[in-house]
Amino acid sequence: ATAAHIIAGMTHGAHLVGMVPSFDAEVLAELLRDNYLTPTFHYHLVDVETLAVGWLAARGEVPSLPWRSDDVSRAVGVDPPGDDERHTALGDARWAQRIYDRVFGGVA
């Protein structure tokens, strides 16, 4: 319950940014609702992989389907996480941040 209240406060009005953030939004929403809280994060989720593909498309460098996260990441100049970071909450968050920062060049 304590974690749910902290998360509710931290995400109030926030855009969720990540790799496939719909998964995170569903998990967070369920956690909040289970604790009688209403999810109030912004409904527009920011998927950095989709942003990266758009950035590449604008440069005429559209990757072939199906997109693989590692390939898209490398195409924008970001090394994917190593085995010690991959599929950990912090590792995936840092990876998403590196892609976001690369695509937006520190101007977002």
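A quick note: this is a predicted structure, and the numbers were derived from the prediction, not measured. (Residues numbered from 1 in each chain as written. Predicted model: local features only at pLDDT ≥ 70, side-chain atom pairs only at ≥ 80, totals over all residues. Heavy atoms only, no water.)

Student: Honestly, the overall build of the protein in this entry has me stumped. Any pointers?
Tutor: When helices and strands are counted, the protein shows five helices and two strands. Reading the helices (α) and strands (β) of the protein from amino to carboxyl end gives α-β-α-β-α-α-α. Expressed as lengths along the three principal axes of its C-alpha atoms, the size of the protein is roughly 45 × 30 × 25 Å. For the protein, the residues scored as buried account for 31% of the 108 residues in total. Sequence separation of at least 24 residues holds for 55% of the intrachain contacts in the protein that already meet a minimum separation of 6. In the form shown here, the protein has an accessible surface area of approximately 7100 Å², with 57% of it arising from carbon and sulfur atoms. Side-chain charges in the protein split into 8 positive and 15 negative, and the spacing between the mean points of these groups amounts to 6 Å. (Helix = DSSP H or I, 4+ residues; strand = E, 2+ residues; numbered from the N terminus. Buried < 20%, exposed > 50% of the residue type's maximum accessible area, 1.4 Å probe, protein only. Contact = heavy atoms within 4.5 Å. Areas by Shrake-Rupley, 256 points an atom, 1.4 Å probe, with all protein chains shown as cover. Lys, Arg positive; Asp, Glu negative; His and termini not counted. Charge placed at Lys NZ, Arg CZ, Asp CG, Glu CD.)

Student: I'm lost on the layout of surface pockets in this one. Help?
Tutor: Over the atoms a probe the size of a water molecule is rolled, and this reveals where empty space is left. Computed from the structure, the largest pocket encloses a volume of approximately 620 Å³. Contributing to the lining of the largest pocket are 22 residues, with V17, G18, M19, D24 and A93 lying nearest its centre. Per-element tally for the lining of the largest pocket: the top contributor is helix α5 (residues 89–104), with seven residues. In terms of residue class, the lining of the largest pocket is made up of 12 nonpolar, seven polar and three charged. (1 Å grid on protein atoms, 1.4 Å probe; cavity = no way out; pocket = protein on both sides within 12 Å on 5 of 7 lines; lining within 4 Å. Points joined across faces, edges and corners; volume = space filled by probe spheres on them. Nonpolar A, V, L, I, M, F, W, Y, C, P; charged D, E, K, R; others polar.)

Student: How should I be thinking about α5 in this particular structure?
Tutor: Structural remark: α-helix, 3.6 residues per turn; residues separated by three or four positions point the same way. The first and last C-alpha atoms of α5 sit 22 Å apart over 16 residues, in line with the 22 Å expected at 1.5 Å per residue. Of the residues making up α5, those classed as buried are G91, W95, A96, I99 and V103. The buried side chains of α5 occupy one side of the element, clustering within an arc of 135° when seen end-on. Close packing links the buried residues of α5 with β1 (17–18), α3 (48–58) and α4 (69–75). One or two positions beyond α5, positive phi appears at G105, with a value near 60°. (Expected span 1.5 Å × (residues − 1). Arc of directions from axis to C-beta.)

Student: How do you make sense of the side chain of D70 when you look at a structure like this?
Tutor: Note that D70 resides in helix α4. Engagement of the side chain of D70 in a polar contact is seen with the side chain of R86, the distance being 3.1 Å. Every residue in contact with D70, bar those within four places of it in the chain, is listed here: P80, R86 and W95. (Polar contact = N/O pair within 3.5 Å; in protein donor to acceptor, adjacent residues only side chain to side chain.)

Student: Mind showing me how you'd approach the packing of α3 against α5 here?
Tutor: Helix packing for two helices is described by the angle between their axes and how far apart those axes are. Where α3 contacts α5, the axes come no closer than 9 Å and their chain directions differ by 30°. Looking at the two axes, α3 sits roughly parallel to α5. Once α3 is placed against α5, the crossing between them reads as left-handed. Contacts between α3 and α5 involve V48, L51, A52 and W55 from the first element and A96, I99, Y100, R102, V103 and F104 from the second. For the contact of α3 with α5, the per-class residue count stands at nine nonpolar, no polar and one charged. (Axes fitted to C-alpha atoms, helices over the stretch in contact; angles between N-to-C directions. Parallel < 35°, antiparallel > 145°, perpendicular 65-115°, else oblique. Left-handed = near helix turned anticlockwise from the far one by under 90°.)

Student: For this particular structure, what's the right way to read the packing of helix α1 (residues 2–11) against helix α2 (residues 21–34)?
Tutor: Between α1 and α2, whose axes approach to 9 Å, the crossing angle comes to 125°. In terms of orientation, α1 lies oblique with respect to α2. Our pair here, α1 against α2, has a crossing hand that is left-handed. Between α1, through A4, I7 and A8, and α2, the contact on the second element is made entirely by L28, L31 and L32. Here the contact of α1 with α2 is composed, by residue class, of six nonpolar, no polar and no charged.

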